[in-house]
Amino acid sequence: MDKKGKLIVISGFSGAGKGTVVKKLVEEYGYSLSVSATTREPRKGEVDGKDYYFKTVDEFRNLIDYNGFIEWAQYVDNYYGTPRKFVEQEMEAGRDVILEIEVQGAMNVKRQYPDALLIFVTAPSAQALRERLIGRGTEPQEVIDKRMKRAKEEAEDIKEYEYIAINDDLDECVHTVHSIILGRQCLRENNLSFIENMKEELNSN
Ligand code: 5GP
């Protein structure tokens, strides 16, 4: 395998369950996960430094000014960004890093890292999406409506993603996303130095 780690971008409609999918990928397969910064208020049970780095708007803007993010975006009234340092360190150490980010951020990452792998996680239907958002019970109706409206816009950008994973059954979806990542690692073009080494070894025998 070639040395440097790569970025795996996982996006999906709010309520598609991508957070749970990502959590399971980390637990079951040991992927490295970037913790984002946000100006959103913590939800019940969310822990600073684990779920997000919770920042004030001023702190967030400061980080933007100091080039602290590889990407950042505004999503339904709040800022979200991917801290640069952790991601660069992990890639340098040869580890793939998962970024769970929304569509604008994903497009931004793709521009900077053309070999990033983009996967879009979706619920099986719009109805299922709304039901999950309501069932989660973490957002007031007004926010749910905004997120459903945003989902309509995001659907237009699915064409930019290389893979789609439908989250009907959680374990199946986690397995699908893991398989997509493994498949990408096995692409010939991602193993050029391995092939060269193999050839050299064969020639010196
Ligand atoms: P939530 O408020 O539900 O945790 O996240 C809202 C949206 O922001 C989700 O689509 C999530 O993937 C996205 N998001 C989380 N962190 C980042 C980030 O660092 N950058 C960008 N662009 N989006 C993010």
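Now for a description of the structure that goes with this document. Fair warning: this is a prediction, and the values are worked out from it, not measured in the lab.

## Brief notes about unusual backbone geometry
Even without being glycine, valine 76 reaches a positive phi, approximately 40°. Relative to the assigned elements, valine 76 resides in the loop between strand S5 (69-75) and strand S6 (78-83). A positive phi angle, close to 75°, is found at aspartate 77, a residue other than glycine. Among the structural elements, aspartate 77 can be located in the loop between S5 and S6. With a relative accessible area of 58%, aspartate 77 lands in the exposed category.

## Overview of the side chain of histidine 178
Here histidine 178 shows up in helix H7 (residues 170-185). For histidine 178, a relative accessible area of 12% corresponds to the buried category. In terms of polar contacts, histidine 178 uses its side chain to reach the side chain of tyrosine 31, at 2.8 Å. Excluding residues within four positions of it along the chain, histidine 178 makes contact with Leu25, Tyr29 and Tyr31.

## Considerations on the environment of serine 125
Along the polypeptide, serine 125 turns up in the loop between strand S8 (117-122) and helix H5 (126-136). Given the relative accessible area of 36%, serine 125 is considered partly exposed. A C-alpha to C-alpha distance of 26 Å links serine 125 and tyrosine 80, two positions 45 residues apart in sequence. At 3.0 Å, the side chain of serine 125 and the backbone nitrogen of alanine 128 are in polar contact.

## Some words on helix H6 (residues 141-155)
In a regular helix each residue adds 1.5 Å, so 15 residues correspond to 21 Å; H6 covers 21 Å between its end C-alpha atoms and thus fits that length. Within H6 the residues assigned to the buried category are Ile144, Arg147, Met148, Arg150, Ala151 and Glu154. Down the axis, H6 shows its buried residues gathered within 165° of arc, on one side only. Structural note: H6 exposes Glu142, Lys149 and Lys152 on the side pointing more than 90 degrees away from its buried face. Packing partners of the buried residues in H6 comprise strand S1 (7-12), S5, S6, helix H4 (103-112) and H5.

Cut-offs and rules
Residues numbered from 1 in each chain as written. Predicted model: local features only at pLDDT ≥ 70, side-chain atom pairs only at ≥ 80, totals over all residues. Heavy atoms only, no water. Helix = DSSP H or I, 4+ residues; strand = E, 2+ residues; numbered from the N terminus. Buried < 20%, exposed > 50% of the residue type's maximum accessible area, 1.4 Å probe, protein only. Polar contact = N/O pair within 3.5 Å; in protein donor to acceptor, adjacent residues only side chain to side chain. Contact = heavy atoms within 4.5 Å. Expected span 1.5 Å × (residues − 1). Arc of directions from axis to C-beta.

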